[in-house]
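A structural walkthrough
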Amino acid sequence: MGTQEAGGGMAEEQVTVWARPERGSRGPAAVHSRAELAAVAVELADRGGLSAVSMRQVAKELGTGQASLYRYISGREDLLDLMTDAVAEEIDLDVPLRGDPVADLVALAARAKAVHLRHPWLPNVPPEPLRPGPRSLDFLEYALRAMASVRLPGPAKLEVVALMNALVTQFARAELQGSRGNTDRQAAQAAYLSEAATQGDHPHIAAALAEHTGAGPTEDAQVRFERTMHRVLTGLVLPEPS
């Protein structure tokens, strides 16, 4: 059913790309698939970032006219949905669960972060509360199955997954930026922080830095990520002591 517009006309009800037929019934027969569109768009983004992805450029890569893409999708947001769901397939969901909800979620988060690092554009996809697609739903199902024994209501479990995903994105973005960052600038910032801590105006910062042991390069990425995820998820998933 359509929705009534203020002027009396009928506006088409908006539905997600997954709820529409893959190929429209009007116009010439479609010669490509949504999977092909997604693959081309992902390749463009891998090479040049999200800014390299446009309806026009995807059509060019496919050797067709831009207008023909609207047989498959309604616009760029649909394209982003297809792209994010396509790369979600790279997250291995066949890994057996060990029965430890926190450990299983941390391992899942680590696999998700690896996909973000392989596709540096992924952390820059405009955030939405939910971008559901077939593979994304499989990811969510796996995460909820990992928490099957956890005594939390369903909405709280969904919040755990949402927070886990947000942390994965943030850690991946920071790691990607650090790998191509200005090391001289980073060194200058660290020197400023250390100097400011010695002035006596920020005793808690000074105490925290005094306890810093100087993590090696490997801990700057994966070990630190897994340690932080474990702490956060433990607090969210495990029951508080009575």
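What comes next concerns the included structure. Because the structure is a prediction, the values reported are computed rather than measured. (Residues numbered from 1 in each chain as written. Predicted model: local features only at pLDDT ≥ 70, side-chain atom pairs only at ≥ 80, totals over all residues. Heavy atoms only, no water.)

Moving on, we come to the nonpolar core. By size, the foremost hydrophobic cluster in this structure holds 49 residues, and its most contacted members are Val 58, Leu 79, Met 83, Leu 105, Trp 121 and Met 164. Secondary structure elements with two or more residues in this core: helix H1 (34–48), helix H2 (55–62), helix H3 (76–88), helix H4 (101–118), helix H5 (134–146), helix H6 (154–179) and helix H9 (219–237). Considering each element in turn, this core owes the most residues, eight residues, to H4. (Core = buried A, V, L, I, M, F, W, Y, C linked by side-chain atoms within 4.5 Å. Buried < 20%, exposed > 50% of the residue type's maximum accessible area, 1.4 Å probe, protein only. Helix = DSSP H or I, 4+ residues; strand = E, 2+ residues; numbered from the N terminus.)

What follows concerns H5. With 13 residues, H5 extends 19 Å between its outermost C-alpha atoms, agreeing within 8% with the 18 Å of an ideal straight helix rising 1.5 Å per residue. Taken together, the buried positions of H5 are Phe 139, Tyr 142, Ala 143 and Ala 146. In a view along the axis of H5, the buried residues occupy a sector of 95°, so they form one face of it. (Expected span 1.5 Å × (residues − 1). Arc of directions from axis to C-beta.)

What follows concerns the packing of aromatic side chains. Counted under the stated rule, the structure contains one aromatic pair. Residues Phe 171 and Phe 225 carry aromatic rings whose centres are separated by 5.2 Å and whose planes lie at 75° to one another, so their mutual orientation is edge-to-face. One end of the pair, Phe 171, is in helix H6; the other, Phe 225, is in helix H9, with 54 residues separating them in the sequence. Phe 171 gets classed as partly exposed once you look at its relative accessible area, which sits at 22%. The exposure class of Phe 225 is buried, given its relative accessible area of 0%. For the cation-ring pair, Lys 113 lies above Phe 225, with the distance from its terminal atom to the ring centre recorded as 5.0 Å. (Phe/Tyr/Trp six-rings, centres within 6.5 Å; stacked < 30°, edge-to-face > 60°. Lys NZ or Arg CZ within 6 Å of the ring centre and 35° of its normal.)

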